[in-house]
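Next come the chains, spelled out residue by residue.
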Amino acid sequence: MSDETRETRIEAQNPLSASQKNPEKTSHIKSLIWGGVVTLIILAFLPVPLFTTNLSFMFYMMLWLTMATSFNFVAGMAGYMPFGYVAFYGIGAYATGVLYKTFGLPIPIALAGAAAAGVAIGLLLAPTLRLKGVYFGIVSLALAMAMKLIISLMPAKITGGSLGLILSGANDPTMAYYAMFIVLLGALAAGTWLSMSRLGIALRAIRDDREAAEVVGVNVVRTRLKAWVMATMFPSLVGGVEAWYTNAIDLESSFNLLVTAKSIVYAMAGGLGFLVGPIVGASALYGIDQLIWRHFPTLNLLILGVVIIALMLLLPRGIVGAFAQRFSRFRRFIP
Amino acid sequence: MLKVDQLVKTFGGMTALAGISLTVPDRSILGVLGMNGSGKTTMLNCINGIYEATAGEISLDGVSLIGKAPHAVFSEGVGRTFQVPRIFPQMSLLENLAVALLNKGLSNAQVAEISAHWLNKVELYRLRHNYAEELSGGQQKLLELARIMVANPKLVLLDEPFAGVNPSLALLLIGIIREMPQEVGCSVMLVSHDLTSVYELSDNILVMHEGHVLAEGNAEAIQKNPDVIEAYLGA
Amino acid sequence: MNELLLQGLVNGIVVGLIYALIGVSLNVIFGVLRVVNFAHGEFIVLGAYGAYFAQQLLGLSPLLAMPLVFLVFGLIGYGLYFLLVQRLSRSNDPEHASLLVMFGLSLVLGALMLLAFEADSRSLNFSLEPPFLMFGNVILPTTKLLGLGVSVVITGCLAYFLYRTMPGKALRAIIMNRDAIQIVGVDLNHLSALTFGLGLGLAGITGIIVSMIFPSFSPFIGQDYTLIGFIVIVLGGLGHPIGAVAGGILFGLAEQTAMVFFSGTVAMLLGFVLLIAVILIRPAGLFGVQNLR
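Residues numbered from 1 in each chain as written. Chains lettered and ligands numbered in written order. Predicted model: local features only at pLDDT ≥ 70, side-chain atom pairs only at ≥ 80, totals over all residues. Heavy atoms only, no water.

S.K.: Please clarify how the overall build of chain C should be interpreted in this entry.
M.R.: Summing up its helical and strand segments, chain C has 11 helices and two strands in all. Reading chain C from its N end, one meets helices and strands in the order α-α-α-α-β-β-α-α-α-α-α-α-α. In summary, chain C has a C-alpha radius of gyration of 19 Å against a globular reference of 19 Å for 293 residues, a match within 12%. Each of the 293 residues in chain C was classed as buried or not, and the buried ones make up 56%. Long-range pairs, those at least 24 residues apart, make up 76% of the contacts in chain C with a sequence separation of at least 6. Accessible area for chain C stands at about 11,800 Å²; split by element, carbon and sulfur atoms hold 67% of it. Of note, chain C has its 11 positive side-chain charges centred 14 Å away from the centre of its 11 negative side-chain charges. (Helix = DSSP H or I, 4+ residues; strand = E, 2+ residues; numbered from the N terminus. Rg over C-alpha atoms; globule rule 2.2 N^0.38 Å. Buried < 20%, exposed > 50% of the residue type's maximum accessible area, 1.4 Å probe, protein only. Contact = heavy atoms within 4.5 Å. Areas by Shrake-Rupley, 256 points an atom, 1.4 Å probe, with all protein chains shown as cover. Lys, Arg positive; Asp, Glu negative; His and termini not counted. Charge placed at Lys NZ, Arg CZ, Asp CG, Glu CD.)

S.K.: Where do I start with the interface of chain B and chain A in this structure?
M.R.: A common way to report how large an interface is uses the accessible area buried once the components associate. Contacts between chain B and chain A engage 42 residues on the former and 31 residues on the latter. Where chain B abuts chain A, roughly 3,400 Å² becomes buried across the two surfaces, and 48% of that area is made up of carbon and sulfur atoms. Scanning the region where chain B abuts chain A turns up three salt bridges. B:Glu95 is paired through a salt bridge with A:Arg204; the nearest N and O atoms lie 3.1 Å apart. Remark: the boundary between chain B and chain A carries eight residue pairs in polar contact (both at pLDDT 80 or more). (Buried area = accessible area lost by both parts, 1.4 Å probe. Salt bridge = Lys/Arg side-chain N within 4 Å of Asp/Glu carboxyl O. Polar contact = N/O pair within 3.5 Å; in protein donor to acceptor, adjacent residues only side chain to side chain.)

S.K.: Explain the pairing of strand S3 (residues 29–34) of chain B to me, please; I cannot follow it from the model alone.
M.R.: Here is the key point about a regular strand: its side chains alternate between the two faces of the sheet. Residue and element names in this part refer to chain B. Most of S3 sits inside the fold, with six of its six residues counted as buried. Burial along S3 is two-sided: the residues Ile29, Gly31 and Leu33 and Leu30, Val32 and Gly34 are all buried. In the sheet, S3 pairs with strand S8 (residues 187–191) via four bridges, with the strands oriented parallel. The residue bridging Val32 from the neighbouring strand is Val191, located in S8. Relative to strand S9 (residues 204–209), S3 is paired through five bridges, and the arrangement is parallel. Bridged to Gly34 within S9 is Met208. (Pairing = 2+ DSSP bridges.)

S.K.: Just checking my understanding: could you explain the sheet that holds strand S6 (residues 78–80) of chain B for this structure?
M.R.: Two pairing modes exist for strands in a sheet, parallel and antiparallel, and in both the strands are linked by backbone hydrogen bonds. Residue and element names in this part refer to chain B. With mixed pairing, six strands are arranged side by side in an open sheet as S6-S7-S8-S3-S9-S10. Across the chains shown, the open sheet's two edge strands, defined by having one partner strand only, are S6 and strand S10 (212–217). In this sheet, neighbouring strand axes are inclined to one another by 20° on average, regardless of whether the strands run parallel or antiparallel. Bridging between S6 and strand S7 (residues 155–159) involves three bridges; their strand directions are parallel. When the bridges of S7 are listed, Val78 appears paired with Leu155. Set on the sheet, helix H6 (residues 167–184) makes contact with S3, S7 and S8; between it and S8 the angle comes to about 150°. (Axes fitted to C-alpha atoms, helices over the stretch in contact; angles between N-to-C directions.)

S.K.: I would appreciate a short explanation of the layout of surface pockets in the present structure.
M.R.: Once rolled over the atoms, a probe with the size of a water molecule shows which space is left empty. All names here are of chain A. Considered as a void within the structure, the second largest pocket measures approximately 1,500 Å³ in volume. Looking at the second largest pocket, it is lined by 50 residues, and the ones nearest its centre are Glu252, Phe255, Asn256, Leu257 and Leu258. Grouping the amino acids of the lining of the second largest pocket by side-chain chemistry returns 30 nonpolar, 12 polar and eight charged. (1 Å grid on protein atoms, 1.4 Å probe; cavity = no way out; pocket = protein on both sides within 12 Å on 5 of 7 lines; lining within 4 Å. Points joined across faces, edges and corners; volume = space filled by probe spheres on them. Nonpolar A, V, L, I, M, F, W, Y, C, P; charged D, E, K, R; others polar.)

S.K.: Sorry if this is basic, but what is going on with unusual backbone geometry here?
M.R.: The phi torsion of most residues other than glycine is negative, and most of the peptide bonds are trans. Residues and elements named next belong to chain A. Positive phi outside glycine occurs at Asn247, with the angle close to 65°. Mapped onto the secondary structure, Asn247 falls in the loop between helix H12 (220–246) and strand S2 (248–249). Assessed through its relative accessible area of 13%, Asn247 is described here as buried.

S.K.: It is not clear to me how the packing of aromatic side chains should be interpreted in this structure. Could you clarify?
M.R.: Aromatic rings in a pair are described by how distant their centres are and how their planes are angled relative to each other. One pass over the full model with this rule turns up 28 aromatic pairs over all chains. For the ring pair C:Phe43 and C:Phe73, a centre distance of 6.4 Å and an interplane angle of 75° mean the geometry is edge-to-face. Here C:Phe43, found in helix H2 (residues 40–58), pairs with C:Phe73, found in helix H3 (residues 62–85); they are 30 residues apart in sequence, far enough to count as distant. Assigned by exposure class, C:Phe43 and C:Phe73 land together as buried. On the basis of an interplanar angle of 90° and a centroid distance of 5.1 Å, the ring pair of C:Tyr52 and C:Phe53 is categorised as edge-to-face. On the basis of relative accessibility, which here comes to 14%, the residue C:Tyr52 falls in the buried class. With relative accessibility at 26%, the residue C:Phe53 sits in the partly exposed group. An aromatic cluster is built from C:Tyr49, C:Tyr52, C:Phe53, C:Phe117 and C:Phe217, whose rings are joined through pairwise contacts. Above the plane of the ring of B:Phe11 lies B:Lys9, whose end atom (NZ or CZ) is 5.1 Å from the centre. (Phe/Tyr/Trp six-rings, centres within 6.5 Å; stacked < 30°, edge-to-face > 60°. Lys NZ or Arg CZ within 6 Å of the ring centre and 35° of its normal.)

S.K.: Would you mind showing me how to read the environment of C:Asn37 here?
M.R.: Residue and element names in this part refer to chain C. With respect to the helices and strands, Asn37 occurs in the loop between helix H1 (3–33) and H2. Judged by its relative accessible area of 0%, Asn37 is buried. When the C-alpha atoms of Asn37 and Asn27 are compared, they prove to be 9.3 Å apart, with 10 residues separating the residues in sequence. Among residues more than four places away in sequence, those in contact with Asn37 are Leu26, Ile29, Met102, Leu200, Thr226 and Phe230. Among the polar contacts listed, one links the side chain of Asn37 to the backbone nitrogen of Ala39, at a separation of 3.2 Å. Within polar-contact distance, the side chain of Asn37 engages the side chain of His40 at 3.0 Å.

S.K.: Could you clarify how one ought to interpret the nonpolar core in this entry?
M.R.: Inside soluble globular proteins, nonpolar side chains tend to come together where they are buried. Judged by nonpolar contacts, the single largest core of 203 residues is most densely connected at A:Phe45 and C:Phe196. For A:Phe45, the residues in contact, after removing those within four places along its chain, are A:Met58, A:Met61, A:Met62, A:Leu65, A:Tyr177, A:Phe181 and A:Leu184. In terms of nonpolar packing, the next biggest core, distinct from the first, is built from 62 residues, B:Val122, B:Leu127, B:Cys186 and B:Val188 among them. (Core = buried A, V, L, I, M, F, W, Y, C linked by side-chain atoms within 4.5 Å.)

S.K.: Is there a simple way to think about a nonpolar patch on the surface in this case?
M.R.: Residue and element names in this part refer to chain C. A cluster of nonpolar side chains, namely Leu57, Leu58, Leu68, Val72 and Ile76, defines an oily patch on the protein surface of about 480 Å² accessible area. Listed by contribution, the elements that provide at least two residues to the nonpolar patch are H2 and H3. Among the structural elements, Ile76 can be located in helix H3. Using a relative accessible area of 39% as the deciding quantity, one classes Ile76 as partly exposed. (Patch = residues over 30% accessible without salt bridge, like charges linked within 9 Å, V, L, I, M, F, W, Y side chains within 5 Å.)

S.K.: What should I look at first to understand the confidence of the model for chain C in this one?
M.R.: Predicted coordinates in regions of low pLDDT should not be interpreted in detail. When pLDDT is averaged across chain C, the result is 82; 90% of the residues are at 70 or more. Within the model, the stretch residues 289–293 of chain C combines pLDDT values under 50 with 24 contacts to residues more than four positions away or in other chains. (pLDDT = per-residue confidence, 0-100.)

S.K.: Hey, could you run me through the sheet that holds strand S4 (residues 55–60) of chain B in this one?
M.R.: All names here are of chain B. Read across the sheet, four strands follow the order S2-S1-S4-S5 without closing on themselves; strand pairing throughout is antiparallel. On the outer flanks of this sheet lie strand S2 (14–24) and strand S5 (63–64), each paired with one strand and no other. When strand S1 (residues 2–11) meets S2, the two strands line up antiparallel, connected through eight bridges. Directly across from Leu7, in S2, lies its bridge partner Ile20. Packing against the sheet, helix H1 (residues 40–47) makes contact with S1, S2 and S4, and its axis sits at approximately 115° to S1.

Take a look at the structure:
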């Protein structure tokens, strides 16, 4: 398309979008939509324990909403694919278990310790942030495996060895449910802040064109580090709360690659880079996943793999991304 | 004032810049001419820190730029555009400009005011909420220019600003560049192989050839310089 | 010299060459196609199953199964290229897209193997006469020696192909400059599909060697091989077809000597430490042509 025709196209399209005349309305509508989504989430999850004692379905839905949302911080906003995302989940679970069981600390402090442990490991791995895209993903996966090996080498007195840890005495599903609820709200708040703040703008600039961002004054390493720290805290907390909820921790399930895989699938199915993306994706696929998981456990992996391939080939920008592409006039209203 | 002294850049065994020296005085435009592969873009990449210079010195108002990362060079007041515009496609025009103002310690109102000023100047204000990828190639070049101008740079490096820009936008661009030294108070290094606009805009012109400075002087002197004529027309 | 250490070093070279083979095939695919083949390990395991069933059903010895598996896997790769890989080049971020698609494929293949072959480990019924040779006090199983020999021959063939034949040179030209090759009038699609086939064919053969040398295999170990492959090519330099050989031997030596003094877990951990150290100290890899940063 030549310059002229493109310009006329944009010119012609402009009168259609109300936001041109009233720009403040754009961000207003966007906040309203996002506010509505968050309210809906609160209303859906807050009263559940009042009605039923079978919290599992809703508990794990919150878990995946949180995992997918915080995965979006690194993948959608900073442009990294941390394939070893599960490492932080596992570290959180083990930190909680060890602090509670081995050191006898109360659960809330153990959870705070889990978040701190996740962030500390995230900082330790900060040098890998210098790596370009795919190499970062690969190295991150290797580091997750290394983390699992390190924990398996630690004395069984502390980590429970191959048997894992049983958190007997901490059993309180309702409290754990609300702990997950708070973590989810925390992740949503962090996402809201990220998308509005200057850090969010810097991150999206890096994602769009790293070198160009550098040339206009963005300190790429430092900016990415901040997003990274935020993104490591939430999976650690999630791992810790999940350990509290199930009262059991073992290496295989704490460092199961499926945790990364599902975070990716949910975030991508919705659309990376949009706040609502992971929420749409997790809501759409979680129920189906649960159904399959319950009835055909081996098929679960197979179907997950097929879904990833199909998404990448047919809907690479996710549900929300495809919508934004198809109806580009509405794109600016999507949070 | 930008001072480049004996700048050398080699890639493996290949010498891209073989000792370039030049100065860009305050409030002036230096045009840089040269064929493809003469080292123009390499020189820009060395000045703004994308490449590390092999040898030589680069300084802006006495502050050395050697060894500084691109974002630090930008903080020193050096803005730069690319031959193929590099905007942030999935961000609105306003957000594109906001990126350059992130570390300036400005309030949101100030950011909005400065952005509006420059978007008006490049005639893109009405598209300020559009995504940058919706712009035409020429408009993207204007956006890229506005994005460095909002930060109030001391020096801007423009790499082929007229390449792929339609005539009416080129006129707008020429107008903006022409008034930069006096109205904005910044100096310009204009790299191009479009002779006409370089002759028209530049206070001083440098001709590069195979990593060397072939000739330097005002437009008239350059046009008469036998070396330049031979390099461009002969051989 | 300590005999255990000597034994470790010998094992290191044997295992290292297999790792090298994994790395070389991964690197050819990555270098030419910019595809990060996350499912590589699964294809290696499938190769091992190929040898197993060739032996069980057709009575073929693993050595004879090699050309068969290479051909079948090559054809599968050729087809898969058009099914999965080709359209990735149109994506916003082809490298990440390829990583994700191949990750999905690895999950699918792992699950399919689990369904078809079940979880228990299998081993190949393969032995040679004499079962091992003694050099002083160093024991060398003849199967390992044979595996070593086959790895050397295959690496040699590949090096000859890449550096001495026309299609091989074209492949290396693509690694260096993908855009330029289109101008020269090479059919990029056909060549890319062949490359993917070549990479998977090599993975299949690697699987057979693996099944000859290591005691057993199961559907679960694919991911381990993929990781080893990535460690090897990061060590040797991404996209450098033959650099992976050095990376593989280095990693094999480090792992096997660590195995002598510590446990298998520590040996694996050492590999990861090595990987991180190389990335931080020499980001282009030991023989790298391009920066990772």
